[in-house]
Amino acid sequence: MAGMMGMGMTSEQEAMIRKMEMEETLKTYNETVYRCFNECVESFRSKTLDGKEEACVRKCAEKFIKFSQRAQQRFSEKQQEMQNEMVQQMQPGQ
């Protein structure tokens, strides 16, 4: 969506898109915490995670972040392709 900024959008539309992006980021963060906590934390014997739990949470979070970055990259690539197609369609004589 960031690639669409400044393409004839009003400041209200841009603000709405930024808000939606922030909400999506927070949603992804919360889902990651929930998923990794449930997958990795086995007991509540102490206030801190033991070594095994900590390693599991770190690996889970890194995996999810890498996945999210890759998905975002593919989305951006697809969005750029669509924008290029629109530009080509709008050019006269083609």
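Residues numbered from 1 in each chain as written. Predicted model: local features only at pLDDT ≥ 70, side-chain atom pairs only at ≥ 80, totals over all residues. Heavy atoms only, no water.

S.K.: How would you explain the overall build of the protein chain if you had to name every residue and give the values?
M.R.: Counting secondary structure elements, the protein chain contains 2 helices and 0 strands. Relative to all contacts within the protein chain whose residues are 6 or more apart in sequence, the contacts with residues 24 or more apart total 34%. Carbon and sulfur atoms form 58% of the exposed surface of the protein chain, whose accessible area is close to 8,300 Å². (Helix = DSSP H or I, 4+ residues; strand = E, 2+ residues; numbered from the N terminus. Contact = heavy atoms within 4.5 Å. Areas by Shrake-Rupley, 256 points an atom, 1.4 Å probe, with all protein chains shown as cover.)

S.K.: For the confidence of the model for the protein chain, give the residues involved together with the corresponding values.
M.R.: Averaged over the protein chain, the pLDDT score is 86; the fraction of residues at 70 or greater is 89%. Considering only residues more than four positions removed or in separate chains, one finds that residues 1-6, a stretch of pLDDT under 50, has 14 contacts. (pLDDT = per-residue confidence, 0-100.)

S.K.: Provide a residue-level description of helix 2 (residues 51-90), including the pertinent values.
M.R.: Across its 40 residues, helix 2 extends 58 Å between first and last C-alpha, which sits within 8% of the 58 Å expected from 1.5 Å per residue. Those residues of helix 2 not exposed but buried are Glu53, Cys60, Phe64, Gln79 and Gln83. Where the residues of helix 2 are buried, they touch helix 1 (11-40). With a side-chain oxygen lying 3.2 Å from the backbone nitrogen of Lys52, the N-terminal cap of helix 2 falls on Asp50. (Expected span 1.5 Å × (residues − 1). Buried < 20%, exposed > 50% of the residue type's maximum accessible area, 1.4 Å probe, protein only. Polar contact = N/O pair within 3.5 Å; in protein donor to acceptor, adjacent residues only side chain to side chain.)

S.K.: Describe the state of the cysteines, and please don't skip the residues or the numbers.
M.R.: The tally for this structure, following the rule as stated, stands at 2 disulfides. Disulfide partner of Cys36: Cys60, at an S-S distance of 2.0 Å. Taking the torsion about the S-S bond as the criterion, the Cys36 to Cys60 disulfide, at about -85 degrees, is left-handed. Of this pair, Cys36 sits in helix 1 while Cys60 sits in helix 2, and the two are 24 residues apart along the sequence. Disulfide pairing is shown between Cys40 and Cys56; the S-S distance is 2.1 Å. Handedness here is read from the sign of the S-S torsion; for Cys40 and Cys56, about -65 degrees, the answer is left-handed. Taken as a pair, Cys40 in helix 1 and Cys56 in helix 2 lie far apart in primary sequence, 16 residues in all. Taking the relative accessible area as the measure of exposure, Cys56 reaches 25% and is therefore partly exposed. (Disulfide = S-S within 2.5 Å.)

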